[in-house]
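For reference, the chains in residue letters:
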Amino acid sequence: MALEGRTAMVTGAAQGIGRSISEILLKNGAKVALLDVAEATGTTLKKSLDGQYGPERTLFIPCDVQSQQQFKAALQKAVETFGHVDIFCNNAGIANENDWEKAVSVNLMGVVRGSYLALEHMNKLSGGQGGVIINIASLAGLGPFPGAPVYTATKHGVVGFTRSMAATSKMSGYGVRFNMICPTFVQTDIINSLTCPAALGQFAHLADPTRKLMEQHGVLDVSRVSEGFLQLLLDETKDGEALVVVSKGSQYYTFPSL
Ligand SMILES: NC(=O)C1=CN([C@@H]2O[C@H](COP(=O)(O)OP(=O)(O)OC[C@H]3O[C@@H](n4cnc5c(N)ncnc54)[C@H](O)[C@@H]3O)[C@@H](O)[C@H]2O)C=CC1
Ligand SMILES: CCCCCC(=O)/C=C/C=C\C=C\C=C\[C@@H](O)[C@@H](O)CCCC(=O)O
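Notes on the structure in this doc start here. (Residues numbered from 1 in each chain as written. Chains lettered and ligands numbered in written order. Predicted model: local features only at pLDDT ≥ 70, side-chain atom pairs only at ≥ 80, totals over all residues. Heavy atoms only, no water.)

What follows deals with the overall build of the protein chain. In terms of regular secondary structure, the protein chain is built from nine helices and eight strands. For 258 residues, the compact-globule estimate of 2.2 N^0.38 gives 18 Å, and the C-alpha radius of gyration of the protein chain, at 17 Å, lies within 12% of that figure. Along the three orthogonal principal directions, the C-alpha set of the protein chain runs to about 50 × 45 × 35 Å. Looking at the protein chain as a whole, 54% of its 258 residues qualify as buried. Considering only contacts within the protein chain whose residues lie at least 6 apart along the sequence, 70% involve residues at least 24 apart. As displayed, the protein chain offers around 11400 Å² of accessible surface, 54% of which is attributable to carbon and sulfur atoms. Mean positive and mean negative side-chain charge positions of the protein chain (21 and 22 charges, respectively) differ by 3 Å. (Helix = DSSP H or I, 4+ residues; strand = E, 2+ residues; numbered from the N terminus. Rg over C-alpha atoms; globule rule 2.2 N^0.38 Å. Buried < 20%, exposed > 50% of the residue type's maximum accessible area, 1.4 Å probe, protein only. Contact = heavy atoms within 4.5 Å. Areas by Shrake-Rupley, 256 points an atom, 1.4 Å probe, with all protein chains shown as cover. Lys, Arg positive; Asp, Glu negative; His and termini not counted. Charge placed at Lys NZ, Arg CZ, Asp CG, Glu CD.)

This is the structure:
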């Protein structure tokens, strides 16, 4: 199978898009380290995956991506268990305009933290075997999302960081590729939160226009994102690219040249 012998680490793997990405990686032969702050949900998922793929194919590690100590220990445990990690997906994310500092801490700082930990492990200049890092941004990383300015800022940050890391890695000879996925609305808990005050905080009065944006864009099944993830992962020519996944299909985004 396409990913036989490969090992992946996925954050926010316990549910939603992260679970779907983890499952498509397993279906294609990879081993997967599942990281999530939701310990009970992650443990339940691990039991289910053990029944489908056997206990040796996955490892669940409770981990808050806001914690350098937890994240570093999780990667160390995955390497000790599987020998190496050559695919890293920074997927964990929240929508919370009330506690916007937490949104920055999880969505942007967590992605930087995971990318740097993965790079430290994969970097060919320091004994690593190389690899690929795929960050989950959003269509809100490419344009405005009214009612969620900080969420939008975090996703714009993920886009800029990922593109810059791809260029930095290529120029430095690290042997690590950086790419990203920019999905539109996907049927997961995060969009259910759109109707709750925390997600939009002081902009909760924009809940209706947000729902209208959702109707306009359509809501995808998680499988559309994980299929796009696999397409991007298997194309070794892609570096610094953003795969946009929307109702009408998926396509690589053309960034405006300055
Ligand atoms: N659902 C959607 O419409 C879209 C989602 N995205 C992004 O996709 C990613 C996944 O989100 P969904 O699956 O939709 O949401 P979700 O809420 O279903 O799943 C998010 C997962 O991340 C975990 N998580 C949250 N904070 C964490 C932390 N500090 N440390 C470790 N794990 C943590 C949660 O426990 C959960 O399992 C997020 O980055 C989100 O911004 C992007 C575009 C569209
Ligand atoms: C705050 C909750 C977010 C829920 C999860 C999420 O990330 C959903 C995003 C869905 C759609 C975002 C649409 C944004 C559209 C506009 O920014 C549009 O202008 C994008 C245009 C991109 C381009 O230049 O073609």
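What surrounds ligand 2 is a group of 15 residues, the closest being Ser138, Gly143, Pro144, Tyr151 and Tyr253. At a separation of 2.7 Å, an oxygen atom of ligand 2 approaches a polar side-chain atom of serine 138. Contact distances for ligand 2 include 2.6 Å between an oxygen atom and a side-chain N or O atom of tyrosine 151. Computed on the free molecule, ligand 2 has an accessible area of 670 Å², of which 79% lies beneath the protein chains in the complex. One can see that ligand 2 is located within the largest pocket. Taken together, the residues that form the shell around ligand 2 break down as eleven nonpolar, four polar and no charged. (Near = heavy atom within 4 Å. Polar contact = N/O pair within 3.5 Å; in protein donor to acceptor, adjacent residues only side chain to side chain. 1 Å grid on protein atoms, 1.4 Å probe; cavity = no way out; pocket = protein on both sides within 12 Å on 5 of 7 lines; lining within 4 Å. Sits in = over half its atoms within 2 Å of the grid points. Nonpolar A, V, L, I, M, F, W, Y, C, P; charged D, E, K, R; others polar.)

The next subject is the state of the cysteines. Inspection of every chain in the model, using the stated rule, returns zero disulfides. You can see cysteine 63 has no disulfide; the closest cysteine sulfur is in cysteine 89, sitting 14 Å from it. (Disulfide = S-S within 2.5 Å.)

Attention shifts here to the packing of helix H4 (residues 100–122) against helix H5 (residues 149–172). For the pair H4 and H5, the least separation of the axes is 8 Å and the interaxial angle reads 15°. The orientation of H4 with respect to H5, classified from their angle, is roughly parallel. The crossing of H4 and H5 is right-handed. Of H5, the residues touching H4 (which contributes Trp100, Ala103, Val104, Asn107, Leu108, Val111, Val112, Ser115, Tyr116 and Leu119) are Val150, Tyr151, Thr154, Lys155, Gly157, Val158, Phe161 and Met165. Its residues assigned to classes, the contact of H4 with H5 shows 13 nonpolar, four polar and one charged. (Axes fitted to C-alpha atoms, helices over the stretch in contact; angles between N-to-C directions. Parallel < 35°, antiparallel > 145°, perpendicular 65-115°, else oblique. Left-handed = near helix turned anticlockwise from the far one by under 90°.)

For the rest of this paragraph, the subject is the environment of threonine 168. Within the element layout of this structure, threonine 168 appears in helix H5. A relative accessible area of 34% means that threonine 168 is categorised as partly exposed.

The next point concerns the sheet that holds strand E4 (residues 87–90). One open sheet accounts for eight strands, arranged E3-E2-E1-E4-E5-E6-E7-E8; its pairing is mixed. The open sheet has two edge strands with one neighbour each: strand E3 (58–62) and strand E8 (249–252). Averaged over neighbouring strand pairs, the angle between their axes works out to 15° when direction is ignored. Of the strand pairs in this sheet, strand E1 (residues 7–11) and E4 are connected by three bridges, and their pairing is parallel. Directly across from valine 10, in E4, lies its bridge partner cysteine 89. Across the sheet, helix H3 (residues 68–82) lies against E1, strand E2 (31–36), E3 and E4, angled at about 160° from E3, the strand it touches most. (Pairing = 2+ DSSP bridges.)

On to the site of ligand 1, then. Around ligand 1, 29 residues are found, and the nearest of them are Asp36, Asn91, Tyr151, Val186 and Thr188. A distance of 3.0 Å separates a nitrogen atom of ligand 1 from a polar atom in the backbone of valine 65. Relative to its unbound accessible area of 830 Å², ligand 1 is 93% covered by the protein chains. At the level of secondary structure, the elements contributing two or more residues to the shell around ligand 1 comprise helix H1 (16–27), H5 and helix H6 (189–192). Here the element with the most residues in the shell around ligand 1 is H6; it accounts for three residues.

Before going further, it helps to examine the packing of aromatic side chains. In total, this model carries four aromatic pairs according to the counting rule given. Sitting over the ring of phenylalanine 255, arginine 163 keeps its end group 3.7 Å from the ring centre. Geometry around tyrosine 252 places lysine 238 over its ring, the cationic atom sitting 4.2 Å from the centre. (Phe/Tyr/Trp six-rings, centres within 6.5 Å; stacked < 30°, edge-to-face > 60°. Lys NZ or Arg CZ within 6 Å of the ring centre and 35° of its normal.)

Shape is all these values report; function is a separate question.
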